[in-house]
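# An overview of the molecular structure
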Amino acid sequence: MTRENPHDRTLLVTVDSLRYDHFERMPRTRAFLERTHDRAFATSTATLGSFPAIVGGEYASGGGLEPGSSVAREFDVHSVGITTNHLLSPEYGYDEGFDSFASPKGGGDSLKDRGAVLLQRGTLAHRVATWGWNRYQRLRSFVGEVEKSFRPADDVIASFRREIDGRESWFGWLHVMEPHHPYDPDEAPVSREKAQRVTRTVLAGGGSDAEEDLVSDLYRREVEELDAALEALWDAVPDDARVVFCADHGELLGEGGLWGHPGELRPELLRVPFGTRNAPDLGDVVSLIDVPSILAGREHGVGTLERETAFASYGDRKAAMNEAHLATADGVVSVTDGTPASDPNLERALERFGPEYVVKEDALREDLEDLGYV
């Protein structure tokens, strides 16, 4: 259902698992963006919880994108979607509204029509399943040549440039996976096999101090290589294009003894990099649920262009964030350094946040396997 006067050239670029404090390692991207927003927050710590917000302007309910909610429907121009995450596929409704859509998985039966698995991170079942999968992957890496874990960003960018070549008007969404584990940058100080193997060891709760240091370095290199790859995209995008750049959630690199993006409602996971170009003015706080409204230039779903409080959920847990603080059932902490704080107004906002907005880790087993969660 299109509306009048959407922006002629509009681009959404999303990055999986990119930490806010590593955004400074992306100088090319920061130089391209007109504005960056340092109080932007995810709606969840997992892909399944973040993308119904980023693409649909709705809080997640666990089954993918709700029919009719895709922001792509707002644009009466050639629309291109290229994703590199198995959970962002037609099976979860993300091809809706796109003229051209590519993902690691094509079409198929819907989530409702196929067997699904409930696997909530942090539970004993999840820890056991993750240990088994990571051990299998480590053993497999000893045999034969190991390839890059996901479709490289430069390949995604080249495909998108071919799609829009010669077109005056278009809408695009590109999702890239470079910072997602296992971290295996091209310019790693170790082989790709070892990079993947050590990453899986550390994320599974093992590894020495030296291996943990190596994994942190591999993550940093992934971010820097992604920035270099994105330069070709920024050079190709017209000066007047509207652009939104964001992460779907952050990543833990040993904070609290945790790695990756488990379902912990922590600042390192909920505060995300966010930048815009040729976009409407925004308030001091931005939620990923506002992305469709920013792209379309008008409110979409439950998003807005002006807010003071953002919300997130994972399983039966929820969080509220404002410019200074993050509130959960465990209390209030500072957004910047995680130190304890007091904010009664934010706690009241958290209490009012609707309990129906609950994110379950529901996904097809094969897709969770491909992402290293099972």
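Predicted model, so just to flag it, every value in this text is computed and none were measured. (Residues numbered from 1 in each chain as written. Predicted model: local features only at pLDDT ≥ 70, side-chain atom pairs only at ≥ 80, totals over all residues. Heavy atoms only, no water.)

### Structural notes on the overall build of the chain
Along the backbone of the chain there are ten helices and 18 strands. Long-range contacts, defined as pairs at least 24 residues apart, comprise 72% of the intrachain contacts of the chain with a sequence gap of at least 6. Carbon and sulfur atoms make up 44% of the accessible area of the chain, which totals about 15200 Å². (Helix = DSSP H or I, 4+ residues; strand = E, 2+ residues; numbered from the N terminus. Contact = heavy atoms within 4.5 Å. Areas by Shrake-Rupley, 256 points an atom, 1.4 Å probe, with all protein chains shown as cover.)

### Points about the sheet that holds strand β14 (residues 317–321)
Pairing is antiparallel across the open sheet formed by five strands, whose spatial order is β13-β14-β15-β16-β17. Of all strands in the sheet, those bounded by a partner on one side alone are β13 (310–314) and β17 (340–341). In terms of strand pairing, β14 meets strand β15 (residues 325–328) through two bridges, oriented antiparallel. Opposite Ala320, over in β15, you have Ala327 as the bridge partner. Relative to the sheet, helix α9 (residues 344–352) contacts β13, β14, β15 and β16 (331–334), its axis offset from that of β14 by approximately 140 degrees. (Pairing = 2+ DSSP bridges. Axes fitted to C-alpha atoms, helices over the stretch in contact; angles between N-to-C directions.)

### Overview of the packing of aromatic side chains
In this structure the tally under the stated criterion is 14 aromatic pairs. An angle of 55 degrees between the planes, with centres 6.1 Å apart, marks the rings of Tyr94 and Trp173 as tilted. Remark: Trp173 occurs in strand β7 (residues 170–176) and Tyr94 occurs in the loop between β4 (78–82) and β5 (100–102); sequence separation between them is 79 residues. When sorted by exposure, Tyr94 lands in the same class as Trp173, which is buried. Here the aromatic rings of Phe98 and Trp173 are separated by 6.2 Å at their centres, their planes lie at 35 degrees, and the arrangement is tilted. With a gap of 75 residues between them, Phe98 in the loop between β4 and β5 and Trp173 in strand β7 connect regions that are remote in the sequence. Comparing Phe98 with Trp173 shows no difference in burial state: the two are buried. An aromatic cluster is built from Phe51, Phe75, Tyr94, Phe98, Phe101, Phe171 and Trp173, whose rings are joined through pairwise contacts. (Phe/Tyr/Trp six-rings, centres within 6.5 Å; stacked < 30°, edge-to-face > 60°. Buried < 20%, exposed > 50% of the residue type's maximum accessible area, 1.4 Å probe, protein only.)

### With respect to the packing of helix α5 (residues 192–203) against helix α6 (residues 209–236)
Following both chains from N to C, one finds α5 and α6 inclined at 115 degrees, their axes separated by 9 Å at the closest point. The two elements α5 and α6 meet at a crossing, and its hand is left-handed. Only Glu211, Glu212, Leu214, Val215 and Leu218 of α6 make contact with α5, whose side of the interface consists of Ala195, Val198, Thr199 and Val202. Residues of the contact of α5 with α6, tallied by class, amount to six nonpolar, one polar and two charged. (Left-handed = near helix turned anticlockwise from the far one by under 90°. Nonpolar A, V, L, I, M, F, W, Y, C, P; charged D, E, K, R; others polar.)

### Some words on helix α2 (residues 47–56)
Burial runs high along α2: ten of the ten residues are buried. Inspection of α2 places Thr47, Leu48, Gly49, Ser50, Phe51, Pro52, Ala53, Ile54, Val55 and Gly56 among the buried residues, and these make up the whole buried set. Trailing α2 by a residue or two, Gly57 shows a phi angle of about 70 degrees, which is positive.

### A few points about the sheet that holds strand β2 (residues 35–36)
An order of β2-β11-β8-β1-β7-β4-β5 is seen for the seven strands of this open sheet, with the pairing classed as mixed. In the strand order of this sheet, the two ends are held by β2 and β5, each with one partner. Of the pairings in the sheet, the one linking β4 to β7 comprises five bridges and is parallel in character. Residue pairing across strands places Gly81 opposite Trp173, the latter belonging to β7. α6 contacts β1 (9–15), β7 and β8 (242–247) of the sheet and is inclined by roughly 170 degrees relative to β1.

### A short note on a negative patch on the surface
On the surface, Asp284, Glu306, Glu308 and Glu323 cluster together to form a negatively charged patch. Considering the arrangement of structural elements, one finds Glu308 in the loop between α8 (291–296) and β13. Of the residues examined, Glu308 reaches a relative accessible area of 65% and is grouped as exposed. (Patch = residues over 30% accessible without salt bridge, like charges linked within 9 Å, V, L, I, M, F, W, Y side chains within 5 Å. Salt bridge = Lys/Arg side-chain N within 4 Å of Asp/Glu carboxyl O. Lys, Arg positive; Asp, Glu negative; His and termini not counted. Charge placed at Lys NZ, Arg CZ, Asp CG, Glu CD.)

### Looking at the pattern of salt bridges
For the structure on display, the rule yields 19 salt bridges. Note that Arg35 is salt-bridged to Asp281, the shortest N-O span being 2.5 Å. Here Arg35 is found in strand β2, whereas its partner Asp281 is found in the loop between β11 (274–277) and β12 (286–287), with 246 residues between them in sequence. Given a relative accessible area of 37%, Arg35 falls into the partly exposed group.

### Comments concerning unusual backbone geometry
A cis geometry characterises the amide bond from His181 onward to Pro182, with omega recorded as 0 degrees. Residue placement: Pro182 occurs in the loop between β7 and α5.

### Structural notes on the nonpolar core
Counting 83 residues, the largest nonpolar core has Leu11, Leu233, Phe245 and Phe274 as the members making the most contacts within it. In terms of residue count, α6 provides more of this core than any other element does, ten residues in total. Residues Tyr59, Ile289, Leu350 and Phe353 belong to the second largest nonpolar core, which totals eleven residues. (Core = buried A, V, L, I, M, F, W, Y, C linked by side-chain atoms within 4.5 Å.)

### Quick look at the confidence of the model for the chain
Summarising the model, the chain shows a mean pLDDT of 87, and 82% of its residues fall at 70 or more. Across residues 107–126, confidence stays below pLDDT 50; counting only partners more than four residues off in sequence or on other chains, it has 49 contacts. Scored below 50 in pLDDT, residues 357–362 makes 32 contacts in the model with residues more than four places away or belonging to other chains. (pLDDT = per-residue confidence, 0-100.)

### Re the packing of helix α4 (residues 153–164) against α6
Between α4 and α6, whose axes approach to 9 Å, the crossing angle comes to 10 degrees. By the angle class used here, α4 and α6 are roughly parallel. For the pair formed by α4 and α6, the contact residues are Ala153, Asp154, Ile157, Phe160 and Arg161 on the first element and Leu226, Ala229, Leu230, Ala232, Leu233 and Ala236 on the second. Among the residues making up the contact of α4 with α6, the classes are represented as nine nonpolar, no polar and two charged. (Parallel < 35°, antiparallel > 145°, perpendicular 65-115°, else oblique.)

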